[in-house]
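What follows is the residue order along each chain.
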Amino acid sequence: MPIAANSAANSNVRPPPTVAERLIAAAATSPEVHEWIARQIKAGRKPSEILVLLHQPVLH
């Protein structure tokens, strides 16, 4: 396959979302989640840590 054709085929491949993109997407799901994430950031948590916390089951 010529290089130009290979580049064109790969141009539609998007790398996985970054931690920041995943956090922004999570914040957009609801005002409550947005506010919770904002509080976590203000408390000094790392974005990757916040994502882990978001995916933990909530015990009631």
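Definitions and cut-offs
- Residue indices follow the written sequence of each chain, beginning from 1 at its first position.
- Owing to the predicted nature of the model, reporting of local features is limited to residues with pLDDT of at least 70; listing and counting of side-chain atom pairs is limited to 80 or more, with chain, interface and lining totals taken over all residues.
- No hydrogens and no water enter the side-chain calculation; it runs on all heavy atoms of the structure.
- Helix and strand definitions follow DSSP, with helices as H or I runs of at least four residues and strands as E runs of at least two, each counted in order from the N terminus.
- Each residue's exposure class comes from its accessible area (1.4 Å probe, protein chains only) as a fraction of the maximum for that residue type: buried when under 20%, exposed when over 50%, partly exposed otherwise.
- Note on areas: these come from Shrake-Rupley sampling with a 1.4 Å probe, and a residue is covered only by the protein chains present in the view.
- To obtain the arc, one takes the directions from the helix axis to the C-beta atoms.
- When checking whether two residues touch, look at their non-hydrogen atoms; a contact exists if any pair is within 4.5 Å.
- Side-chain atoms within 4.5 Å are what join buried Ala, Val, Leu, Ile, Met, Phe, Trp, Tyr and Cys residues into a set we call a nonpolar core.

### Overview of the overall build of the protein
Summing up its helical and strand segments, the protein has four helices and zero strands in all. In sequence order, the secondary structure elements of the protein are arranged as α-α-α-α. Residues counted as buried form 13% of the 60 residues belonging to the protein. Roughly 5,000 Å² of accessible area belongs to the protein as shown, and the carbon and sulfur atoms make up 63% of that amount.

### Examining helix α2 (residues 19–27)
Along α2, the residues that are buried comprise Leu 23, Ala 26 and Ala 27. One side of α2 holds all its buried residues, which, seen down the axis, span an arc of 100 degrees. For α2, the elements touching its buried residues are α3 (31–42) and α4 (47–54).

### Here we look at the side chain of Gln 40
With respect to the helices and strands, Gln 40 occurs in helix α3. Relative accessible area serves as the criterion here: at 12%, Gln 40 is assigned to the buried category. Sequence-distant contacts of Gln 40, that is, excluding residues within four places in its chain, are made with Arg 45, Ile 50 and Leu 53.

### Some points on the nonpolar core
One finds Leu 23, Ala 26, Ala 27, Ile 37, Ile 50 and Leu 51 forming the largest nonpolar core, which totals six residues. Residue assignment for this core shows that the elements contributing at least two residues are α2 and α4. Beyond its immediate chain neighbours, meaning those up to four positions away, Leu 51 contacts Val 19, Arg 22 and Leu 23.

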